[in-house]
Amino acid sequence: MALAPTTICPTASRGRRLLHAGYGTSPAKRLATGEVTAHRVVITLPAEERRVHTVRRFSAAHLSRWGLSEPDRDSVVLVIGELAGNAARHGGKDMTVSLALTGQEICVDVVDTGASDRPRAQGGAVAEDEHGRGLGIVDHLAIWTKFGPDGDGWRSRAGLRITSAVVATGY
C-alpha cells in the first residue's frame, strides 16, 4: 500500500516543505513531481515514560543505518529523548515519533494523542526542579523548533543540521 504524500515539517532555513512520497512511490515519480526525497521512519507507542528508551533505541538504530556520525546521532537521540519524554510525562495516551532525513537536515516530530488518565501539564518547571531543562537542551541543539496543539494532542518539532549521512542503498 502506497502512502499519500504528507508534509512532515518545515525546513526553516530554506523556506521549503519537506515531503515524503511514501514507500510505494518510485524515486523517478518523486523526481518527476518535484517532491523532496526524504528517508523517514515512524514509531507509535503508548505515551509512557518506560517507552522512551524504546524510542531512543529505535531512532539510534535507524540513524546509524543512515550513516550519521556519532556526534550527530547522539545529538538527535538526545532531542528525541527529551521530546518523547515530555510527551510521555505530560501528554496523551499515545505518542508517535517520526524522523525524516533530507540532505543535511533531520526533522524530529513527536505527537501525543488521545485522552489520558493524567492531567495535561500547565505552566513551566521550577528552576531547581530536576525536570524542565529538556526544551532548553532541544533549543540549543536544534536549528529550529516548533511546539503547539495538534487536535486532541500536542506536537513538538525540531530540525537539526547534520554533518554527514550516507543512506544505505535499498533501505
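For the structure, check the block above.
So, a few notes on the structure that sits alongside this text. Just so it is clear, the structure is predicted and the values come from calculations on it, not from any experiment.

1. Side note on the pairing of strand β6 (residues 144-150)
Thinking step 1. Across 7 bridges, β6 lies against strand β7 (residues 153-161) in antiparallel orientation. Counterpart to Gly 148 in the pairing with β7 is Arg 155.
Thinking step 2. Count of turn residues in the β6/β7 antiparallel hairpin: 2 residues, of which Gly 151 carries a positive phi of about 60°.

2. A word on the sheet that holds strand β4 (residues 94-102)
Thinking step 1. Spatially, the 5 strands line up as an open sheet ordered β3-β4-β5-β7-β6, and their pairing is antiparallel. Whereas interior strands pair on both sides, the edge strands pair on one side only; in this sheet they are β3 (39-46) and β6. On average, each strand axis in the sheet is tilted by 10° relative to the strand beside it, whichever way the strands run.
Thinking step 2. Of the strand pairs in this sheet, β4 and strand β5 (residues 105-113) are connected by 9 bridges, and their pairing is antiparallel.

3. Description of the packing of helix α2 (residues 52-65) against helix α3 (residues 70-90)
Thinking step 1. One can describe the packing of α2 onto α3 by two numbers: an axis separation of 9 Å at closest approach and a directional angle of 150°. If you check the angle between α2 and α3, you find them roughly antiparallel. The way α2 lies across α3 gives a crossing that is right-handed. Here Val 52, Val 55, Arg 56, Ser 59, Ala 60, Leu 63 and Ser 64 of α2 come into contact with α3, specifically with Arg 73, Val 76, Val 77, Ile 80, Gly 81, Ala 84, Gly 85 and Ala 88.
Thinking step 2. A class-by-class count of the residues in the contact of α2 with α3 yields 9 nonpolar, 4 polar and 2 charged.

4. Concerning the nonpolar core
Nonpolar side chains tend to gather and get buried jointly when the protein is soluble and globular.
Thinking step 1. If you look at the biggest cluster of nonpolar residues, it comprises 29 residues, and the most contacted ones within it are Val 76, Ile 106 and Val 108.
Thinking step 2. Counting residues per element, the ones that place at least two in this core are β3, α2, α3, β4, β5 and β7.
Thinking step 3. The greatest single-element share of this core, amounting to 8 residues, is contributed by α3.
Thinking step 4. For Val 108, the contacting residues outside a window of four places in its chain are Val 76, Val 79, Ile 80, Leu 83, Ser 98, Leu 99, Ser 156, Arg 157, Ala 158 and Leu 160.

5. Topic: α2
Thinking step 1. An ideal rise of 1.5 Å per residue puts 20 Å on 14 residues; α2 measures up with 20 Å between its terminal C-alpha atoms.
Thinking step 2. All of the buried residues along α2 are Val 52, Val 55, Ser 59, His 62 and Leu 63. Down the axis of α2, the buried side of the element spans an arc of 100°, and every buried residue falls inside it.
Thinking step 3. Each element contacted by the buried residues of α2 is listed here: β3, α3, β4 and β5.
Thinking step 4. Gly 67 lies just past α2 and shows a positive phi near 85°.

6. Looking at the pattern of salt bridges
Thinking step 1. Tallied over the full model, the rule gives 6 salt bridges.
Thinking step 2. The partner of Glu 48 in a salt bridge is Arg 51, and the shortest N-O contact between them spans 3.2 Å.
Thinking step 3. Note that Arg 89 and Glu 49 form a salt bridge whose closest N and O atoms lie 3.4 Å from each other. Residue Arg 89 is located in helix α3, and its partner Glu 49 is located in the loop between β3 and α2; the two are separated by 40 residues in the primary sequence.
Thinking step 4. Relative accessible area serves as the criterion here: at 25%, Arg 89 is assigned to the partly exposed category.
Thinking step 5. Exposure remark for Glu 49: the relative accessible area of 49% places this residue in the partly exposed category.
Thinking step 6. Sharing partners across several salt bridges, the network here consists of Asp 109, Asp 150, Arg 155 and Arg 157.

About the thresholds
- Starting from 1, residues in each chain are numbered consecutively following that chain's sequence as written.
- Restriction of local features to residues with pLDDT of at least 70 applies here, the model being predicted, together with a cutoff of 80 or more for giving and counting side-chain atom pairs; totals for whole chains, interfaces and linings are based on all residues.
- For side-chain calculations, the full set of non-hydrogen atoms in the structure is used, while hydrogens and water are omitted.
- At least two bridges found by DSSP between two strands is the condition for calling them paired.
- Helix and strand definitions follow DSSP, with helices as H or I runs of at least four residues and strands as E runs of at least two, each counted in order from the N terminus.
- Axes here refer to lines fitted to C-alpha atoms; in helices the fit is confined to the stretch in contact. Angles between the N-to-C directions go from 0 to 180 degrees.
- Geometric relationships in this document are graded by angle, where less than 35 degrees denotes roughly parallel, more than 145 denotes roughly antiparallel, 65 to 115 denotes roughly perpendicular, and other angles denote oblique.
- Less than a right angle of anticlockwise turn of the near helix away from the far helix marks a crossing as left-handed, whereas a clockwise turn marks it as right-handed.
- Note on definitions: a residue-residue contact is assigned when non-hydrogen atoms from the two residues lie within 4.5 Å.
- By the convention adopted, Pro, Cys, Tyr, Trp, Phe, Met, Ile, Leu, Val and Ala count as nonpolar, Lys, Arg, Asp and Glu as charged, and the other residues, Gly among them, as polar.
- Here, the term nonpolar core denotes a set of buried Ala, Val, Leu, Ile, Met, Phe, Trp, Tyr and Cys residues that are joined through side-chain atoms within 4.5 Å.
- Working definition: with a 1.4 Å probe on protein chains only, accessible area under 20% of the residue-type maximum means buried, over 50% means exposed, and in between means partly exposed.
- Expected helix span is given by 1.5 Å per residue-to-residue step, counting one fewer step than there are residues.
- Comment: arc refers to directions from the helix axis out to C-beta atoms.
- Note on definitions: salt bridges are taken to be side-chain nitrogens of Lys or Arg within 4 Å of carboxyl oxygens of Asp or Glu.

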